[in-house]
Amino acid sequence: MEAPALPAPGAGMSADAKARIAARAALELHPGEVVNLGIGIPNLIPEYLGPDTGVVIHTENGLLGVGPRPDDSEVDPDLIDAAKQPITALPGAAYFDSASSFAMIRGGHIDVAVLGALEVSGAGDIANWAVPGKDVLGVGGAMDLVVGARRVIVTMTAASSTGDPKVVAECRYPLTAAGAADVVVTELSVFRLVDGELRLTELLDGATVDDVAAVTTASYVVALEESRVG
Amino acid sequence: MEAPALPAPGAGMSADAKARIAARAALELHPGEVVNLGIGIPNLIPEYLGPDTGVVIHTENGLLGVGPRPDDSEVDPDLIDAAKQPITALPGAAYFDSASSFAMIRGGHIDVAVLGALEVSGAGDIANWAVPGKDVLGVGGAMDLVVGARRVIVTMTAASSTGDPKVVAECRYPLTAAGAADVVVTELSVFRLVDGELRLTELLDGATVDDVAAVTTASYVVALEESRVG
Amino acid sequence: MTAATLTTPEEAVGAVKTGDTVMVGGFGLVGAPLTLIDALVELSDARDLTIVSNNIGEPGRGLGKLLRQGRIRRGISSYFTSNPEAVAAVNAGEIEATLVPQGTFAEAIRAGGAGIGGFYTPVGAGTLLAEGKEQRVIDGVRHVLEGPIRADVALVYAARADALGNLWYRRTARNFNPLMATAAAVTIAEAGEILEVGELESESVVTPYLYVDYLVASA
Amino acid sequence: MTAATLTTPEEAVGAVKTGDTVMVGGFGLVGAPLTLIDALVELSDARDLTIVSNNIGEPGRGLGKLLRQGRIRRGISSYFTSNPEAVAAVNAGEIEATLVPQGTFAEAIRAGGAGIGGFYTPVGAGTLLAEGKEQRVIDGVRHVLEGPIRADVALVYAARADALGNLWYRRTARNFNPLMATAAAVTIAEAGEILEVGELESESVVTPYLYVDYLVASA
């Protein structure tokens, strides 16, 4: 699978922003790591993993070793991911039941969970499953994943569609888990939680420190590192 | 497998007594039932099951569908029972890990456990794993089996080798579980626990009510039923 | 228990009574026992059902059909959202919803089959979904006490069974099916293919037949 | 984690350090990783070990060799009795013994691998083996609270592995091995046969390779 060309920086369209976030998040994954990818932006990440990264994909509905998306002719109705989309399985893949799958997750055997969120707080609290006043009827495996995975990467736009900051002082929305985030990738920047401290470590696609500050209500330390985008 | 001839009643030898107990206990098992057999007398029971009883044998080290003992040429080092003796597996047998095996037991999916004991009390308390002052270092699956199996049959001689009664008012030995026994088969009689009451329901091999009373310190009701020994 | 009884979908779903708790396997429609669900929809009058299933089907599909008939009183699921009609029914007060994190849902069903009285999980601690539940700190981490989930009847799907009722699952159609098969008073398995005894490798049996009461061939 | 590293018995047992807790699979000697045990006996100096294994081998066989070397400080088992030398060592105060009902032992190891903080079981409630443990009545039945068991290193045996480290177990040699493979910081699998990737059917893998750190061929 060849990585597609990155969308042009600053194109501003939502789909482009999401693709850029996915591309940057892909750089956080290391060879041999077992990774669980949530619905939405995280599901775009495989397109930005090179053919030899050796990242192993786990899907919580019961498969270790997810392969590329199938052609129409290869679709198997018994083979889907947690987004209920058709997938393939790599040689050496293993299937298991849901209790075994979540035993892997909760037991700390999944290296990385990448997932979307509504909000992340300066303390690493994640809110990604429920909006008060709306339906609170779907949690899926989100709580298990953020608690169980050794490293949790949140991928989301820096602000909501109505312009509200999403990296916040305190989450307004019901939590998925407290203090669970390790990395937050938006279209503007990368934040890292280090020893309980939120650090702005990288600016993306020409964004400035002020651009980030304008859509961030959480307190953070600016501690820029060399950009990892090649 | 053909059932061997029963040893002569009243022969008095310990091996004979054990064989008679096993033969009588075999009559407690019904077609299609899943049965776990403990070490000792219970392990003799398969010899007294007819070829078509359809009793299914579970061994807690991970097999449902234990077959007859193998000939020397058929011994498979990977195929043993909980007594660590070679066995065979029937067509349609299934193997599983120890957690799954004890999930079956504890979850109430095993119909009958048959096991030996040091003492059974009038309340159905079972003591079968430890003698105070001696080594208390092996419990195996006994506690799981007596708690989890739907019906628990104890097979034992009526008195110990030193002549002490084994159906007792109260157990002196550490309990395996309280109130767990449903049936007690000795060489003299069958006791049943019905609604918390111990009943002497059958005399075996010419034993009298007085013979039983002489080696029983538990209180019980004499409620003899027709003998099931054919 | 004896070998599974091979029967028709109609006879099998006769085991479901009004007021029962019914587990239904599948992740979405994958691995769902669609023949049994259709029989429950078309050939059973049981109502006021509590459904334990990861999703309540999709609109007009799978358990979504039973929902449209108004026969579900309560759902225990991790993700009602995949059926907007289920969400609407909850919001209209027509069905009661119990939302459980997916891993806790799976583990609680396993516990139900395995005779475990309850377990502590760190998942959900301190969140809305732990409200009203006992919590305790174990090794410095807050945990929630979760109870086992059991049912009167489980409806499961397996790609292959043998005539005894041993089950084998294909690919991601395994999901909750083997867990639910252990956790109900009566388990009804729908199989894509029913083989002779001995045709399933003994090491490959996922659900040993003692868990299966009735066996039905997929339509 | 990456694919399992294929290595020698000597290198593999280098992972075991003095003072470690080591899980060892097998029911008696069946399914025990005898090549790894021999390497631990002959090629490692680690001592003061806590051994988590259903039995402490047999006299001079399997873990019984390690016992004779005086390198075991504590055993956690369901049945020490199968090795009279282990019983003698306990009685002489040379090793500490923690006796656990076999089903609780298996479940606690599973819990250790599955991130479960503790569980309630009815087994052992009211007996000597529940002394000092929290008990509570659930649905009218007394239960004991049991904690998870974890280890620094697990030594397991599988009849077949693939080159990634996926494991398949034969007949009753499965027993505690798949559980222990999940419950240690480092898992070393000894395999009777090491196949190419793809030669194990994906549905038949019992231990997915993410649990396996080192892979060693049986001697």
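Residues numbered from 1 in each chain as written. Chains lettered and ligands numbered in written order. Predicted model: local features only at pLDDT ≥ 70, side-chain atom pairs only at ≥ 80, totals over all residues. Heavy atoms only, no water.

Structural notes on the overall build of chain C
Next up, step 1: When its secondary structure is counted, chain C shows six helices and 12 strands.
Next up, step 2: Against the 2.2 N^0.38 benchmark of 17 Å for 219 residues, chain C shows a C-alpha radius of gyration of 17 Å, consistent with a compact globule.
Next up, step 3: Principal-axis analysis of the C-alpha atoms gives chain C an extent of 50 × 40 × 30 Å.
Next up, step 4: The proportion of buried residues among the 219 residues of chain C is 63%.
Next up, step 5: For chain C, the computed accessible surface area is about 7,300 Å², with 46% contributed by carbon and sulfur atoms.
Next up, step 6: Averaged over its 17 positive side-chain charges, chain C has a centre that lies 5 Å from the centre of its 25 negative ones. (Helix = DSSP H or I, 4+ residues; strand = E, 2+ residues; numbered from the N terminus. Rg over C-alpha atoms; globule rule 2.2 N^0.38 Å. Buried < 20%, exposed > 50% of the residue type's maximum accessible area, 1.4 Å probe, protein only. Areas by Shrake-Rupley, 256 points an atom, 1.4 Å probe, with all protein chains shown as cover. Lys, Arg positive; Asp, Glu negative; His and termini not counted. Charge placed at Lys NZ, Arg CZ, Asp CG, Glu CD.)

Observations regarding the environment of V120 of chain B
Residues and elements named next belong to chain B.
Next up, step 1: Inspection of the secondary structure assignment puts V120 in strand β6 (residues 119-121).
Next up, step 2: Look at V120 and you get buried, because its relative accessible area is 1%.
Next up, step 3: It is 8.4 Å that separates the C-alpha atoms of V120 and A169, two residues lying 49 residues apart in sequence.
Next up, step 4: In contact with V120, other than residues within four places in its own chain, are D125, V154, M156, K166, V167, V168, C171, A181 and V184. (Contact = heavy atoms within 4.5 Å.)

Regarding the pattern of salt bridges
Next up, step 1: Overall, the coordinates contain 45 salt bridges over all chains when judged by the stated rule.
Next up, step 2: Residue R24 of chain B is joined to E28 of chain B by a salt bridge in which the shortest nitrogen-to-oxygen separation is 3.0 Å.
Next up, step 3: In this structure R24 of chain B comes out as buried when scored by relative accessible area, which is 2%.
Next up, step 4: E134 of chain D serves as the salt-bridge partner of R136 of chain C, at 2.7 Å between the closest nitrogen and oxygen. A residue pair is termed interchain when its members come from two chains, as with R136 of chain C in strand β7 (residues 135-138) and E134 of chain D in the loop between β6 (118-121) and β7 (135-138). (Salt bridge = Lys/Arg side-chain N within 4 Å of Asp/Glu carboxyl O.)

Topic: the confidence of the model for chain C
Next up, step 1: Taken residue by residue, chain C gives an average pLDDT of 97. The fraction at 70 or more is 100%.
Next up, step 2: In the predicted assembly, ipTM is 0.96 and pTM is 0.96. (pLDDT = per-residue confidence, 0-100.)

Overview of empty space enclosed by the protein
Next up, step 1: Inspection of the entire model under this criterion finds five cavities of 30 Å³ or more.
Next up, step 2: As for the largest cavity, its lining consists of 42 residues, of which D97 and S100 of chain A, D97 and S100 of chain B together with V206 of chain D are closest to the centre.
Next up, step 3: When contributions to the lining of the largest cavity are tallied by element, the ones reaching two or more residues are α2 (98-106) of chain A, α2 (98-106) of chain B, α5 (102-114) and α6 (177-180) of chain C together with α5 (102-114) and α6 (177-182) of chain D.
Next up, step 4: When grouped by side-chain class, the residues that make up the lining of the largest cavity number 24 nonpolar, 10 polar and eight charged.
Next up, step 5: As a volume, the second largest cavity reaches approximately 60 Å³.
Next up, step 6: Taken together, E107, R110, A111, I116 and F119 of chain C together with E107, R110, A111, I116 and F119 of chain D make up the full set of residues lining the second largest cavity.
Next up, step 7: When residues of the lining of the second largest cavity are traced back to their parent elements, those giving at least two are α5 of chain C together with α5 of chain D.
Next up, step 8: Of the residues contributing to the lining of the second largest cavity, the split by class is six nonpolar, no polar and four charged. (1 Å grid on protein atoms, 1.4 Å probe; cavity = no way out; pocket = protein on both sides within 12 Å on 5 of 7 lines; lining within 4 Å. Points joined across faces, edges and corners; volume = space filled by probe spheres on them. Nonpolar A, V, L, I, M, F, W, Y, C, P; charged D, E, K, R; others polar.)

Notes on the packing of aromatic side chains
Residue and element names in this part refer to chain C.
Next up, step 1: Counted according to the given criterion, the structure contains five aromatic pairs over all chains.
Next up, step 2: With a centroid separation of 5.4 Å and an interplanar angle of 75°, the aromatic rings of F105 and F176 are classed as edge-to-face. Here F105 is found in helix α5, whereas its partner F176 is found in the loop between β10 (167-168) and α6, with 71 residues between them in sequence. Pair check on accessibility: F105 and F176 agree, each one buried. (Phe/Tyr/Trp six-rings, centres within 6.5 Å; stacked < 30°, edge-to-face > 60°.)

Quick look at the sheet that holds strand β11 (residues 189-194) of chain A
Residues and elements named next belong to chain A.
Next up, step 1: Spatial strand order, β4-β3-β2-β1-β5-β8-β10-β11-β12-β13: 10 strands in an open sheet with mixed pairing. Of all the strands in the sheet, just β4 (89-95) and β13 (221-222) have a single pairing partner and so form its edges.
Next up, step 2: Of the pairings in the sheet, the one linking strand β5 (residues 112-115) to strand β8 (residues 151-155) comprises four bridges and is parallel in character. If you follow V112 over to β8, its bridge partner there is R151.
Next up, step 3: Sitting on the sheet, helix α1 (residues 14-26) touches β8, β10 (183-185), β11 and β12 (197-203), and the angle it makes with β10 is about 145°. (Pairing = 2+ DSSP bridges. Axes fitted to C-alpha atoms, helices over the stretch in contact; angles between N-to-C directions.)

Points about the relation of the copies chain D and chain C
Note: a rotation about an axis with an accompanying shift along it relates these two copies of the chain.
Next up, step 1: Structural alignment of chain D on chain C gives an RMSD of 0.0 Å, achieved by rotating through 180° and translating 0.0 Å along the axis. Here the symmetry operator amounts to a two-fold rotation axis. Within chain D, the C-alpha atom positioned nearest to the axis of rotation is that of F119 of chain D, 2.1 Å from it.
Next up, step 2: In this assembly the copies share their binding face: 100% of the residues contributing to the interface of chain D also contribute to that of chain C. (Least-squares fit on C-alpha atoms with pLDDT ≥ 70 in both.)

Quick word on the interface of chain B and chain D
Next up, step 1: Counting residues at the interface gives 33 residues for chain B and 38 residues for chain D.
Next up, step 2: Buried area between chain B and chain D, summed over both chains or domains, comes out near 3,000 Å², and the portion from carbon and sulfur atoms is 65%.
Next up, step 3: At the boundary of chain B and chain D, one finds four salt bridges.
Next up, step 4: For R170 of chain D, the salt bridge identified is with D76 of chain B, shortest N-O distance 2.5 Å. (Buried area = accessible area lost by both parts, 1.4 Å probe.)

What to know about the confidence of the model for chain A
Predicted coordinates in areas of low pLDDT are best not read in detail.
Next up, step 1: Confidence along chain A averages 92 in pLDDT terms, with 94% of residues attaining 70 or more.
Next up, step 2: In this model, residues 1-13 of chain A is a region of pLDDT below 50 whose contacts with residues beyond four sequence positions or in other chains number 22 contacts.

Side note on a nonpolar patch on the surface
Residues and elements named next belong to chain B.
Next up, step 1: A surface patch of nonpolar side chains, about 220 Å² in accessible area, is lined by V209, V222 and L224.
Next up, step 2: Position of L224 among the secondary structure elements: in the segment after β13 (221-222).
Next up, step 3: Its relative accessible area of 46% is what places L224 among the partly exposed residues. (Patch = residues over 30% accessible without salt bridge, like charges linked within 9 Å, V, L, I, M, F, W, Y side chains within 5 Å.)

Some points on the interface of chain D and chain C
Next up, step 1: The interface is formed by 22 residues belonging to chain D together with 22 residues belonging to chain C.
Next up, step 2: With both sides pooled, the region where chain D packs onto chain C buries about 1,700 Å², and carbon together with sulfur makes up 42% of that total.
Next up, step 3: The largest share of the area that chain D buries against chain C comes from R110, Y120 and E203 of chain D, three residues that together contribute 31% of it.
Next up, step 4: Counting every contact that joins chain D to chain C gives four salt bridges.
Next up, step 5: Linking chain D to chain C there are 13 residue pairs in polar contact (both at pLDDT 80 or more).
Next up, step 6: When residues of the side of chain D that touches chain C are traced back to their parent elements, those giving at least two are α5, β6, β7 and β8 (141-146) of chain D. (Polar contact = N/O pair within 3.5 Å; in protein donor to acceptor, adjacent residues only side chain to side chain.)

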